[in-house]
Amino acid sequence: MLSMIDNAIQQADMNTPAAPVSYDNASIWQHMSAALHQSLDRVLTQLIAVLPGLLAFVVALAIFSLAGMLISWLMRQLLGWVKFDSRVTHSIKSDWAPSSSPSELIARAMFWGCVLLGLIIGVSAFDTSYATGAALPISLLPYLTHAVGAALLLIAGILIARFLARSVLISAINAQIQYARILSLGVKWLVLVLTAAMVLDHLQVGGNVVELAFGILFGGIVLTLALAVGLGSRDLVSRSLESRVEHVGERTNIPDDASTASRTIRHF
Amino acid sequence: MATTSPVPDDTSIAERSTADLLVLVSAMPPEQFARVLTNLEAVFDPENMIVATPNEPTGKFSNLRTISTQHSSSTWALTPADFINAAQYAREHEARAILLLGPGAESLNPLALRGLADAVFKASIDLAIPHYSLPPHVGLINSAILYPLTRAVFASRARFPFAIDLGLSPRMADQLAIVAQSISSANQSDALLWPVNEAVAASFTMDEIDVGSREMPQPSDLDINSILALITGSLFGDIESKAALWQRPRRPSPVRRMTNEVAASDGTGDVARMVAAFQLAYANLHEIWSLVLPPNSLLLLKRCSVLDSASFRMPDNLWARIIYDFLVAYRLRTINRGHLLGALIPLYLAWVAGHINVTSSGIPAERHIEAVAAAFEADKPYLVARWRWPDRFTS
């Protein structure tokens, strides 16, 4: 009798639709939990793999910086004791600014040499540690190296832009060109736009959009400058050409006193 | 007596002989060289003179002993090679005096040549510097910068510190040759030498000789941008290298009034053009000037920039401070040196415009130049202070 009742209950369970739903929910939570645990384990494992390298980098940098400070201080004392500055100044007959005396330069070179050595050793340790965990997806480090390269490009570009802008400005002013500032600004922005495009390209940001935008912007600036110079100096160019035709072989490029004054004023 | 001949054998005969006077003549066209030889022959005994020159000797002067030298790379100034040659030939021929004659020396009076040599022979002067009588508004870089700056910094009254004719004693020639050698070994064969500064540094005796008028040779590139940068940059560099010397207090050499006065100014300079150049520069180069000049100077320049060309003047003390500030900036490399000297050009043109206006008003040019030089001397403590403590004056 009892066996009959059990069979009847089992058949009733098999025919009931609600029971499998409660079983699936529990399974998903278990799977999610397991997945999260595994992911956490992976990240922690990865961090643990990288952490010694990172620590080694920091320690190496700190130790070598401290050593650099110590060596630099010792070098200053030693060079001061042997009167290195006065000996060098006397031998090469040159005066040095106090902020850049020979001993100061040597001391600074020693310090930064040590810091550089610490950086190299630290990066080397970090690189070794990174290589062991390379199977794990760390994409930040390569991007950081690109970012450093891009920063250097940016600095160089800004310096070159400033240098060229000043060169153009001074030359144009001495040639008494009225639109010297526009010319200088144009050159500056040309170089800056070129630099920006190179930086973005180096960072692999934007792709074709950057190339296209750069082409349009660069071409636009060149066209603007050409129009500004062409329209602004139309008379100057025509006068210059006429003068050339009339006085073939004569010098016409003395900017300051090319007129009658050049006959009475001689700078040397 | 040795004969003048380009044949090497004759040259070697000349090299073996001795002479009291060695004359080194720069390269020049044959007719000019012939005039120089005529002048030399007129005032010196050919027996006691040797002429070293890259020019081809002519048969007309067969009684003169000549040595062939290499062609100089410069056509307007003495080069380091000239000083090296002078010292070497002076030693070889046991000369007691050396006369260096630059390009265009045919325009010099024979008595002027005699005067330069006599200063060395009779007065035992180590460096005889000529005092030229130039037309008004000629040699303006010298009047505006070289003379006042050299006078203030090295306490030398030489009116033409960048003279291209010199009388040298053998030891002065040796001293200049040492400097020239160090320049040549640094591959700067076209560099300029500053004999007055070297004489002061070596504590040698120096005197200025009145030589009258002279045709000044012009650089091949007449562009003021390159001339000013070349000459002023060279002087700034020399001053920088002798900083330890000139910062010590020195007694200025006594004033010596020259008899030759230059003619009155004709006032035909293109003042309006130069003032316009300065005003354009003031509107555009203010940012660069502010890196070099202190606020006081900028304020005074602002006042100058609103003056019209007829009444334009550059105050003497302002000009002295501008040159001193540019000299300090050159030493500190505040901005690129090429940019620095380029930014000086409009200021120099402003000084020239002011100078022409001053001389047009009836004041003799020499008096104005002396006033400028006096302003430089009076402000020398400013230069010394800025040189030693540059940051103190930037605010």
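Small disclaimer: the values here were computed from a predicted structure and weren't measured.

## Points about the domain arrangement of chain B
Residue and element names in this part refer to chain B.
And then number 1: Domain annotation of chain B identifies domain 1 (8-246) and domain 2 (271-393).
And then number 2: Computed from C-alpha atoms alone, the centre-to-centre distance between domain 1 and domain 2 is 31 Å.
And then number 3: Residue-level contacts link 21 residues of domain 1 with 23 residues of domain 2.
And then number 4: Where the side of domain 1 that touches domain 2 is concerned, the elements lending two or more residues are helix H5 (140-154) and helix H8 (224-241).

## Remarks on the sheet that holds strand E3 (residues 65-68) of chain B
Residue and element names in this part refer to chain B.
And then number 1: Strand order in the open sheet formed by seven strands is E3-E2-E1-E4-E6-E5-E7, with mixed pairing between adjacent strands. Every other strand in the sheet has two partners, leaving E3 and strand E7 (206-212) as the edge strands with one partner each. Shown here is a sheet whose adjacent strand axes are inclined to one another by a mean of 20 degrees, direction ignored.
And then number 2: As judged from the four bridges shared by strand E1 (residues 21-25) and strand E2 (residues 49-53), these two strands associate in the parallel manner. Within the sheet, the bridge partner assigned to Val23 lies in E2 and is Val51.
And then number 3: Against the sheet, helix H3 (residues 80-92) contacts E1, E2, E3, strand E4 (97-101) and strand E6 (165-168), and its axis sits at roughly 155 degrees relative to E1.

## Considerations on the environment of Leu116 of chain B
Residues and elements named next belong to chain B.
And then number 1: By the element assignment, Leu116 lies in helix H4 (residues 110-121).
And then number 2: Accessibility expressed as a C-beta count within 10 Å gives 28 for Leu116, which makes it buried.
And then number 3: The sequence separation of Leu116 and Ala97 amounts to 19 residues, and the corresponding C-alpha distance is 9.6 Å.
And then number 4: When near neighbours in sequence (up to four residues on either side) are disregarded, Leu116 contacts Leu99, Ala128, Pro130, Asp165, Gly167 and Ile209.

## Here's the deal with unusual backbone geometry
And then number 1: Residue Ser124 of chain B is not a glycine yet carries a positive backbone phi of 55 degrees.
And then number 2: Secondary-structure assignment places Ser124 of chain B in the loop between H4 and strand E5 (127-132).

## Quick word on the nonpolar core
Grouped burial of nonpolar side chains is what soluble globular proteins tend to show.
All names here are of chain B.
And then number 1: By size, the foremost hydrophobic cluster in this structure holds 144 residues, and its most contacted members are Leu22, Ala86 and Ile98.
And then number 2: Ranked by residues supplied to this core, first place goes to helix H13 (residues 337-360) with 13 residues.
And then number 3: Beyond its immediate sequence surroundings of up to four residues, Leu22 is in contact with Ile50, Ala52, Ala86, Tyr89, Ala90, His93, Ala95 and Ile98.

The rules we used
Residues numbered from 1 in each chain as written. Chains lettered and ligands numbered in written order. Predicted model: local features only at pLDDT ≥ 70, side-chain atom pairs only at ≥ 80, totals over all residues. Domains from an automatic or database assignment. Contact = placed C-beta atoms within 7 Å. Helix = DSSP H or I, 4+ residues; strand = E, 2+ residues; numbered from the N terminus. Pairing = 2+ DSSP bridges. Axes fitted to C-alpha atoms, helices over the stretch in contact; angles between N-to-C directions. Buried ≥ 20, exposed ≤ 12 C-beta atoms within 10 Å, placed from the backbone. Core = buried A, V, L, I, M, F, W, Y, C linked by C-beta atoms within 7 Å.

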